[in-house]
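Secondary and tertiary structure notes
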Amino acid sequence: MTKPAKRTQKDKISLYLKRQVWVLFILIVIASMLDIFWLHSELVVAKSSAIGALLSFATQAVFAGFIFWRTGYRARRHIVSQLYRGQMVKWLLTVLGFALIFIMVQPLSAPALFVGFIVMQLSHSLMLSYIR
C-alpha cells in the first residue's frame, strides 16, 4: 500500500529561514571577536566572512521564494519548473555575487569569505534535515 504525498511544509521552511538570520548574526559576532582579539586586523576577516554568509543567505532566500511561488493542486504543473528556475537563479546570483565581491571589496580575505559561505550552507542543510 502506498502513502499519499505529504503536503509542503512551507511554514516550517520559512521558520528555518528565519532561524538562519540568527546563525548569520552569530557567525558575524564570532568572526568579529576573532578578528578583534586574536588577529588584531582591521576587521578584514569579519567583513569577509559576513559578506560570504550574507551571500549564501540571500541566495537561499531567493531559492525558497521561487520554490513556494506557486503551491497546491492547481500549481502541480509549475512546481518542478519553479524548482529548476529557482536553482538556476540561485547559482547565477551566487556566481555574480562572488564576482562582484572579488571586484569591489578591498581588502578581502578569500578564505574567510568562503568559510562564511560554507558555514551558512552547512547550517542551512542541517536545519532542513530536521523537517519531516
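Before going into details, it helps to say that this report is about the structure given with it.

Rules used in this analysis
- Residues numbered from 1 in each chain as written.
- Predicted model: local features only at pLDDT ≥ 70, side-chain atom pairs only at ≥ 80, totals over all residues.
- Heavy atoms only, no water.
- Phe/Tyr/Trp six-rings, centres within 6.5 Å; stacked < 30°, edge-to-face > 60°.
- Lys NZ or Arg CZ within 6 Å of the ring centre and 35° of its normal.
- Helix = DSSP H or I, 4+ residues; strand = E, 2+ residues; numbered from the N terminus.
- Expected span 1.5 Å × (residues − 1).
- Buried < 20%, exposed > 50% of the residue type's maximum accessible area, 1.4 Å probe, protein only.
- Contact = heavy atoms within 4.5 Å.

Let's shift gears to the packing of aromatic side chains. Here the distance between the centres and the angle between the planes together describe a pair of aromatic rings. According to the stated counting rule, one finds five aromatic pairs in the structure shown. Each member of the aromatic cluster is reached from another via a ring pair, and the members are Phe-98, Phe-102, Phe-114 and Phe-117. Stacked on the ring of Phe-63, the Lys or Arg Lys-90 has its end atom at 5.4 Å from the ring centre.

Let us now look at helix H2 (residues 44–67). One full turn of an α-helix is made of 3.6 residues, so residues set three or four places apart face in the same direction. End to end, H2 covers 35 Å across 24 residues, agreeing with the expected 34 Å (1.5 Å per residue, within 8%). In terms of burial, H2 is largely enclosed, as 17 of its 24 residues are buried.

Right, let's get into the side chain of Gln-60. Inspection of the secondary structure assignment puts Gln-60 in helix H2. For Gln-60, a relative accessible area of 6% translates into the label buried. In this structure Gln-60 touches Lys-90, Gln-121 and His-124, once residues within four positions along its chain are discounted.

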